[in-house]
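Take a look at the letters that make up each chain.
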Amino acid sequence: MARYYLTTPIYYVNDVPHLGTAYTTIVADALARYHRLRGHDTRFLTGTDEHGQKIEEAAAAKGVEVKAFVDAASAAFRAAWPPLNIENDDFVRTTERRHIEVVQDLWRKCQENGFIYEGTYEGLYCVGCEGYYTEKELTQTPAGMLCPLGTHKPVERVKEPSFFFKLSAFEKRLLDFYEKNPGFVSPESRRNEVMSFVKGGLQDLSVSRTSFKWGIPVPGNEKHVMYVWFDALTNYLSALGAPGSSLHSRFWPPDVHLVGKDILRFHTIYWPAFLMAAGYADAELPRKVFVHGWLTINGQKMSKSLRNVVEPIKLAEVFGADVVRFYLLREVAFGQDGDFSHAQLINRYNSELADSLGNLLNRTLGLCQKLRPSGAALARGAEGELEQKLAEQARTALLGSIASWDEIAPHRAIDSTWVLIRAANKYIDESAPWAEAKKASPEGTARVDAILATALETLRWISVLIWPVMPDVSTKIRQQLGMSAIAPKQGEDVLVMHWEPRSDTSGLAVGTPVFPKIDADRQAEIFTALGLSEVVAEKAPEPVKPGKQPRAVIEPASEITYEDFAKLDLRVGRVVSCERVPKSDKLLKCMIDLGEPTPRQVVAGIGKSFTPEGLVGKQVTVVFNLKPAKLMGQESRGMILAAAGESEADLALIAPEKDRPVGTRVK
RNA sequence: GCCGGAGUAGCUCAGAUGGUUAGAGCGGGCGUUUCAUACGCGCUAGGUCGGGGGUUCGAUUCCCUCCUCCGGCACCA
């Protein structure tokens with residue numbers, strides 16, 4: 001019997017469950033449900049990643065024991081999934097005994113095989129932040145290299161004993177593996193990315209630390225704890241128990257790891273290399289890493305400062321878990337970036353769920369109720385071309401769904417299903433059972449039987465096809481059809497075409513609409529309940545495509561209040577030094593005197609318009625309170641204002657008309 | 001800069017190993033049915049398939065080049 005083992009990343013407990021983590025987990029759940037429908041022996045794993053310096057610090061900041069801190073945080077993740085109709089088979093924690101033992105075992109194997117050795121980690125260390133930085137991250141000043149964060153104190157070059165993983169030894173073998181297993185990294189663009197990275201050469205990895213304690217001790221040298229990734233990645237293995245255990249032999253290797261693009265490298269390079277080092281053969285390595293994109297919220301990046309972090313549980317409370325699942329899986333082409341928009345969710349809900357599917361169920365049951373009393377027999381025999389065509393379309397939808405799920409393309413599977421739903425609505429229009437009933441002839445009677453039976457059979461199939469995405473809805477529909485909920489069994493493939501129109505109307509029950517339509521009033525209620533502003537509720541203005549039009553006619557940004565404006569802290573600064581960011585054609589790294597104790601580093605994308613020499617000494621306007629960001633590895637704290645021109649080589653600096661003291665506020 | 005990916009109707013996207021009228025959904029417009037949650041169905045988008053050049057009987061689909069956007073360029077999760 002086929003089996004299927006799939007995983008989400010384990011989520012770092014320094015964060016809370018949000019739409020991004022919910023998204024990955026929902027996809028995984030739907031995929032798991034698809035395989036259960038196929039009768040596959042399915043294992044769906046998720047969990048939490050709980051070690052590391054950041055956790056240690058976060059607990060300390062809260063003044064709680066680290067263990068208590070991670071217990072609570074992990075519980076929050078565990079509790080987040082059931083309300084979204086997510087049914088994972090296991091939930092692994094990196095602080096569990098079963099995990100720690102397997103990780104240490106894997107480590108030992110790597111070490112015995114000569115791929116872990118002791119050395120010295122040399123890095124630039126900031127005493128103030130107790131953290132290492134790479135050279136690129138640091139602020140370069142005449143006074144030396146400064147820590148990019150917090151105190152801006154000078155960093156020190158520090159040596160720390162460390163274990164290293166001999167990643168360099170796996171360059172060739174990894175490339176061979178990618179070559180022989182073209183599907184290992186999906187989508188393909190990610191595969192290219194990984195391969196070119198590996199071709200560029202691999203350096204050994206520092207895999208242990210002595211500078212903090214909250215981690216898995218290195219076997220035989222307890223001064224060291226393992227550095228996060230060796231620990232975290234191994235969850236996929238440890239959750240199955242020690243090699244040789246029954247779960248392990250039943251499910252290893254994983255069929256797919258679903259991951260976000262931020263952790264691509266760890267899953268496609270480090271993880272297989274760790275396993276290779278421990279002695280795993282190519283055939284025992286994970287079969288696929290599927291990389292998906294990011295979600296934006298109403299067109300904006302998710303961020304705490306924008307206060308647009310969507311709480312998935314709250315959404316599920318308002319819309320229902322299945323609706324949220326449907327929307328996310330339907331809207332986003334899996335693998336690509338996508339946008340979560342409340343307005344768009346409601347659009348899709350109304351048109352696809354309420355109007356197309358909900359109404360199809362409702363009108364079909366209504367027809368049955370009107371034309372045939374409950375329990376009436378539905379005679380066979382009057383089926384014709386229309387029925388044949390619909391059955392064929394059901395078959396197409398089924399095959400299309402299967403193919404799409406197998407490719408991990410939920411949006412396409414849903415699309416296939418909705419083609420069938422539209423066909424069913426069309427079928428009812430074309431077959432017009434109400435007109436046949438009026439004929440009051442034996443032929444008409446027979447046609448009504450055939451039509452109702454066909455429509456009901458189509459709905460039965462739809463209830464199957466939507467189950468991976470909307471299990472509760474499927475059950476509700478089946479209740480109204482007088483059928484029991486879908487309960488997949490191992491070894492029984494439900495997704496096999498059996499077109500068997502029923503022979504009576506017993507058990508049918510016109511119920512309350514599965515998807516009550518969301519009208520304007522209800523929408524307003526929902527937005528209020530979710531705490532969304534009117535701006536979000538209104539249709540977002542269409543983004544303007546960059547074109548040849550004069551910039552001056554660009555759509556205005558949405559209206560803001562004075563308070564919004566007052567949040568901006570704009571200051572006059574003077575460029576004290578400036579250089580090009582290596583490997584970038586438009587980024588300039590400027591040190592700007594803003595009246596602070598030390599000049600501040602701002603990276604600006606104005607290098608096509610200005611030379612570093614030309615900027616030094618100039619006054620500029622700087623967004624003073626912009627959240628620091630990293631551009632090409634360079635810390636940037638603020639941005640330089642410039643007016644757009646014909647092109648990127650035609651920018652105009654916005655600066656005070658006469659010299660002002662540095663640090664002057666611009667209002 | 002180097003390496004990848006992408007640029008198709010107002011929006012979101014399909015698609016073609018080169019070939020008669022380039023597709024779907026949504027939105028907009030028009031029409032129509034009545035079983036239904038004012039729902040469904042039909043018609044409608046006149047899109048230089050990013051610009052230019054080339055190969056070809058023929059290219060949006062192949063090649064070159066340019067423009068724009070996105071991602072990657074490591075021990076950062």
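Calculation rules
Residues numbered from 1 in each chain as written. Chains lettered and ligands numbered in written order. Predicted model: local features only at pLDDT ≥ 70, side-chain atom pairs only at ≥ 80, totals over all residues. Heavy atoms only, no water. Core = buried A, V, L, I, M, F, W, Y, C linked by side-chain atoms within 4.5 Å. Buried < 20%, exposed > 50% of the residue type's maximum accessible area, 1.4 Å probe, protein only. Helix = DSSP H or I, 4+ residues; strand = E, 2+ residues; numbered from the N terminus. Pairing = 2+ DSSP bridges. Polar contact = N/O pair within 3.5 Å; in protein donor to acceptor, adjacent residues only side chain to side chain. Contact = heavy atoms within 4.5 Å. Phe/Tyr/Trp six-rings, centres within 6.5 Å; stacked < 30°, edge-to-face > 60°. Lys NZ or Arg CZ within 6 Å of the ring centre and 35° of its normal.

**Student:** Hey, could you go over the nonpolar core for me, with residue numbers and the actual values?
**Tutor:** In this structure, W81, F319, L328, L357, W418, M470 and F515 are the most contacted members of the largest nonpolar core, which totals 96 residues. One finds L174, M226, F274 and A277 within the second-largest nonpolar core, a separate group that totals 56 residues.

**Student:** Residue-level account of the pairing of strand β3 (residues 90–93), with values.
**Tutor:** Residue alternation in β3 divides its side chains into two sets, D90 and V92 and F91 and R93, and both sets are buried. With four bridges joining them, strand β2 (residues 41–49) and β3 adopt parallel strand pairing. When the sheet's bridge partners are listed, T48 is paired in β3 with R93.

**Student:** With reference to specific residues and values, describe the side chain of T7.
**Tutor:** One can find T7 in strand β1 (residues 3–12). Polar contacts involving the side chain of T7 include one to the side chain of H257, which spans 2.7 Å. Ignoring anything within four residues of it in the chain, the contact list for T7 reads L45, Y236, V256, H257 and L258.

**Student:** Account for the environment of G511, with residues named and values stated.
**Tutor:** Within the secondary structure layout, G511 lies in the loop between α18 (471–480) and α19 (520–529). With 149 residues separating them along the chain, G511 and N362 place their C-alpha atoms 8.0 Å apart. Setting aside chain neighbours within four positions, we find G511 in contact with N362 and Q480.

**Student:** Describe the pairing of strand β19 (residues 588–593), and please don't skip the residues or the numbers.
**Tutor:** Where burial is concerned, most of β19 is hidden: five out of the six residues are buried. In terms of strand pairing, β19 meets strand β20 (residues 600–604) through five bridges, oriented antiparallel. Bridging from a neighbouring strand, C590 pairs with V602 of β20.

**Student:** Before we move on, can you summarise the packing of aromatic side chains with the specific residues and values?
**Tutor:** All told, the structure shown has 26 aromatic pairs when counted by the stated rule. For the ring pair Y11 and W81, a centre distance of 5.9 Å and an interplane angle of 55° mean the geometry is tilted. With Y11 in strand β1 and W81 in the loop between α3 (66–80) and β3, the pair connects residues that are 70 residues apart, well separated along the chain. The exposure classification of Y11 matches that of W81, with both residues buried. Relative to Y280, the ring of W252 has its centre 5.9 Å away and its plane inclined at 65°; by these criteria the two rings are edge-to-face. Taken together, the positions of W252 in the loop between α9 (246–251) and β14 (256–260) and Y280 in the loop between α10 (264–277) and β15 (289–292) put the pair 28 residues apart, joining distant regions of the chain. Overall, the relative accessible area of 9% leaves Y280 in the buried class. Ring pairing ties together the aromatic residues W107, F115, F163, F165, F170, W229, F230, F266, Y270 and F274, which thus form one cluster. R33 extends its terminal NZ or CZ atom over the ring of W467, reaching a point 5.0 Å from the ring centre. We note R209 situated over the ring of Y121; from NZ or CZ to the ring centre the distance is 4.2 Å.

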